[in-house]
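Residues per chain, in single letters:
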Amino acid sequence: MRVAILADIHGNADALAAVLRDARAQGAGRLIVNGDVVNRGPDSVQVLQTLLDRDDVTFTLGNHDDLLRLWQARSDVLPPEWFPDPFWGATAWSADQLDAAGLLHVPADWPMTLTLREPGLPLVQVAHGTADHYRESLSDRTPAERVQALRRAPDGGEYGVLIASHIHRPVNAVIDGTWVVNTGSVGSPATGDPRAQYLLLEPTPHGWQVTPRAVPYDRSGVLGRFASSGLLGMGLSAEIFRQEVITARSLYTPYWAWTEQDALPRTQATWDAFLSTLDARTAG
């Protein structure tokens, strides 16, 4: 069976709809949603409900799916200084939306990993990050010794294919004999290409076949809903998330790292300063 593996939808209903149409046209008979269904975008409730209404979907847990539950519970897993910080207003808003819809705790039962088995073919592991942590990046830059550790299966066997998401860019690489694949992002790519990204996985007599897909869609709807939903009024992080959809670039993570490095507050002033450093680097 041809399987569509998609992830990092991040509350973007229009991107998800485009991918679901494309996956159907490509003959996918099963969907694996590899985490980060919700948060960042304005459509977390709609996106999650759309997927739950289908009978061909299997989920793994992503860090944002878990974050919203942890946020609403004021979990001590999260730094306590985050809760009163207005920078986190978009996260609080998304958690409230899901809670009101009765969907906040749905991801509690999602596993960290899935294993795909096909007679005669290498084992495939699917995880949002890695089996050890959903925030661990897996890509063509992952050291060979780390890939060696990750390919060990709990039953003593080995995975021949590791499929991850989380980094918002597609990857198709062989590292020390292990095939490392990344789905890219449906709702917020970080490649400069705004098309919604996912992949098709199919067993063949010659081995697994991986086909990356990039699907165009009209972004005007989701960009408008950042404002019309009320999300954009929830603080700076919402504006950053919107800019990531516009630019198809990673902005939130490097901005966070930049403020951490110099112990700066996350405010409009530091965001403007950060953008000026990006402009200077681009010009250079």
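Residues numbered from 1 in each chain as written. Predicted model: local features only at pLDDT ≥ 70, side-chain atom pairs only at ≥ 80, totals over all residues. Heavy atoms only, no water.

Per an unreviewed UniProt entry, the chain is named Metallophosphoesterase family protein, and its organism is Deinococcus aquaticus. Of the chain, the UniProt comment under Sequence similarities (unreviewed entry) reads exactly: "Belongs to the metallophosphoesterase superfamily. YfcE family." (UniProt positions renumbered as here; feature names shortened; annotations may be inferred.)

### Quick word on the pattern of salt bridges
All told, the structure shown has 14 salt bridges when counted by the stated rule. Between Asp 56 and Arg 54 there is a salt bridge, with the nearest N and O atoms lying 2.9 Å from each other. Using a relative accessible area of 31% as the deciding quantity, one classes Arg 54 as partly exposed. A network of salt bridges, in which partner residues are shared, links Asp 14, Asp 43 and Arg 225. (Salt bridge = Lys/Arg side-chain N within 4 Å of Asp/Glu carboxyl O. Buried < 20%, exposed > 50% of the residue type's maximum accessible area, 1.4 Å probe, protein only.)

### What to know about the environment of Glu 136
Checked against the element boundaries, Glu 136 lands in the loop between β5 (123-127) and α5 (144-150). Polar contacts involving the side chain of Glu 136 include one to the side chain of Arg 146, which spans 2.7 Å. (Helix = DSSP H or I, 4+ residues; strand = E, 2+ residues; numbered from the N terminus. Polar contact = N/O pair within 3.5 Å; in protein donor to acceptor, adjacent residues only side chain to side chain.)

### Examining the sheet that holds β5
Read across the sheet, five strands follow the order β4-β5-β6-β8-β7 without closing on themselves; strand pairing throughout is mixed. Here the strands that pair on one side only, and so sit at the sheet edges, are β4 (113-116) and β7 (170-175). For this sheet, the mean inter-axis angle between neighbouring strands, taken without regard to orientation, is 15 degrees. Sheet topology note: the strand β6 (residues 159-164)/strand β8 (residues 178-183) ladder contains four bridges and is parallel. (Pairing = 2+ DSSP bridges. Axes fitted to C-alpha atoms, helices over the stretch in contact; angles between N-to-C directions.)

### Re the sheet that holds strand β9 (residues 196-204)
With respect to topology, five strands assemble into an open sheet ordered β3-β2-β1-β9-β10, the strand pairing being mixed. Looking at which strands have only one partner, the edges of the open sheet turn out to be β3 (57-60) and β10 (207-215). Across the sheet, the axes of successive neighbouring strands diverge by a mean angle of 20 degrees, strand direction being ignored. The strands that helix α1 (residues 13-25) touches are β1 (3-6), β2 (30-34), β9 and β10; relative to β9, the one it contacts most, it runs at about 25 degrees. (Contact = heavy atoms within 4.5 Å.)

### Looking at the nonpolar core
Counting 60 residues, the largest nonpolar core has Leu 6, Val 37 and Leu 51 as its most contacted members. Considering each element in turn, this core owes the most residues, seven residues, to α1. With residues up to four places along the chain from it excluded, the contact list for Leu 6 reads Leu 16, Val 19, Leu 31, Ile 32, Val 33, Asn 34, Val 186 and Tyr 198. Membership of the second largest hydrophobic core comes to 15 residues, among which are Ile 32, Leu 114, Val 181 and Leu 199. (Core = buried A, V, L, I, M, F, W, Y, C linked by side-chain atoms within 4.5 Å.)

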